[in-house]
Amino acid sequence: MASQTIKIQYLDESIPKLTYVGGKSDWIDLAAAETVTLKAGEFRLIHLGVAMKLPEGYEAHIAPRSSTFKNYGILQANSVGVVDSSYCGANDWWKMPVYATRDVIIEKGSRIAQFRIMEIQPTLTFVEGALDGADRGGFGSTGI
Ligand SMILES: O=c1ccn([C@H]2C[C@H](O)[C@@H](COP(=O)(O)OP(=O)(O)OP(=O)(O)O)O2)c(=O)[nH]1
């Protein structure tokens, strides 16, 4: 399998080093770098304690872990976080915007998110014109 090296900066010594957990996925978990207390309905940008220089031609996607809502009742407010390769300055810390659906305390070190890197897409050019393919249908068209 191909490998890449990423230069990473941790907020301080207390931040756990990024690593693969459990060998079940190639996504890498991210943890809250601070203890956060939220009331139901509150929004917060949670510091994830890392900043990275992604490999040339890559971006990163951040998603919640599958257990994050069950454990903490929080939703990732932007649904998916996109980290551009240009987001690589010394103060470009990764953060997770969250919306709390219930009162919750998220302890520092709680693994609330996961990320992977993805190749950036090719430059897209849009050419206007009527489409002539067969309609596929969507939004429930294949039945229950
Ligand atoms: O969940 C996220 C989303 C983004 N970012 C960082 C990395 C990204 O490169 C930068 C800027 O994000 P984006 O390009 O989505 O926002 P913007 O262009 O600054 O603002 P917007 O598009 O909302 O106007 O913020 C995060 O740390 N976490």
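None of these values were measured; they are calculated from a predicted model. (Residues numbered from 1 in each chain as written. Predicted model: local features only at pLDDT ≥ 70, side-chain atom pairs only at ≥ 80, totals over all residues.)

**Some points on the overall build of the protein**
Item 1. A count of helices and strands for the protein gives one helix and eleven strands.
Item 2. Along its sequence from the N terminus, the protein presents helices and strands in the succession β-β-β-β-β-β-α-β-β-β-β-β.
Item 3. Taking 15 Å as the expected radius of gyration for a compact globule of 144 residues, we find that the protein reaches 19 Å, considerably beyond that expectation.
Item 4. Overall size of the protein, expressed as C-alpha extent along the three principal axes, is 60 × 40 × 30 Å.
Item 5. In the protein, which comprises 144 residues, the proportion classed as buried is 19%. (Helix = DSSP H or I, 4+ residues; strand = E, 2+ residues; numbered from the N terminus. Rg over C-alpha atoms; globule rule 2.2 N^0.38 Å. Buried ≥ 20, exposed ≤ 12 C-beta atoms within 10 Å, placed from the backbone.)

**Remarks on the sheet that holds strand 6 (residues 58-64)**
Item 1. Pairing within the open sheet is antiparallel, and its four strands lie in the order 2-11-6-8. In the strand order of this sheet, the two ends are held by strand 2 (28-31) and strand 8 (81-83), each with one partner. Direction aside, neighbouring strands of the sheet carry axes that sit 35° apart on average.
Item 2. In this structure, strand 6 lies alongside strand 8, joined through three bridges in antiparallel fashion. Residue pairing for strand 8: His 61 is matched across the bridge by Val 82. (Pairing = 2+ DSSP bridges. Axes fitted to C-alpha atoms, helices over the stretch in contact; angles between N-to-C directions.)

**Regarding the nonpolar core**
Item 1. Membership of the largest hydrophobic core comes to 23 residues, with the highest contact counts inside it found for Leu 30, Ile 46, Leu 48, Ile 62, Met 96, Ile 112 and Ala 113.
Item 2. Residue assignment for this core shows that the elements contributing at least two residues are strand 3 (36-38), strand 5 (50-53), strand 6, strand 9 (95-100) and strand 11 (111-119). (Core = buried A, V, L, I, M, F, W, Y, C linked by C-beta atoms within 7 Å.)

**What about the sheet that holds strand 4 (residues 43-47)?**
Item 1. What the three strands build is an open sheet, ordered 4-9-7; its pairing is antiparallel. What marks the edges here is a single partner per strand, and that holds for strand 4 and strand 7 (74-76). Strand-to-strand twist across the sheet, computed as the mean angle between neighbouring axes with direction ignored, equals 40°.
Item 2. Summarising the sheet, strand 4 and strand 9 pair through five bridges and their orientation is antiparallel. Considered in strand 9, the bridge of His 47 is made with Lys 95.

**A word on the environment of Gly 57**
Item 1. Mapped onto the fold, Gly 57 is located in the loop between strand 5 and strand 6.
Item 2. The class for Gly 57 is exposed, based on 10 C-beta atoms found within 10 Å.
Item 3. On a C-alpha basis, the gap between Gly 57 and Glu 119 in space is 5.8 Å, while along the polypeptide they are 62 residues apart.
Item 4. Dropping the residues within four chain positions of it, Gly 57 is found in contact with Glu 119 and Ile 120. (Contact = placed C-beta atoms within 7 Å.)

**Brief notes about unusual backbone geometry**
Item 1. Of note, Ser 79 is a non-glycine position whose phi angle comes to about 65°, a positive value.
Item 2. Examined against the element boundaries, Ser 79 turns out to sit in the loop between strand 7 and strand 8.
Item 3. For Phe 139, which is not glycine, the phi dihedral falls at a positive 50°.
Item 4. Mapped onto the fold, Phe 139 is located in the segment after strand 11.
Item 5. C-beta crowding within 10 Å serves as the criterion here: with 5 such atoms nearby, Phe 139 is assigned to the exposed category.

**Some words on the site of the ligand**
Item 1. As a structural note, the neighbourhood of the ligand is formed by Ile 62, Asn 78, Gly 81, Val 82, Val 83, Asp 84, Tyr 87, Trp 94, Lys 95, Met 96 and Pro 97.
Item 2. Classifying every residue of the shell around the ligand by side-chain character gives seven nonpolar, two polar and two charged. (Near = placed C-beta within 6 Å. Nonpolar A, V, L, I, M, F, W, Y, C, P; charged D, E, K, R; others polar.)

**Quick notes on the UniProt feature "domain: dUTPase-like" (unreviewed entry) in the protein**
Item 1. Following the UniProt record, the feature "domain: dUTPase-like" (unreviewed entry) maps to residues 29-142 here.
Item 2. Across residues 29-142 one finds 4% helix and 40% strand; the C-alpha atoms that close the span lie 35 Å apart. (UniProt positions renumbered as here; feature names shortened; annotations may be inferred.)

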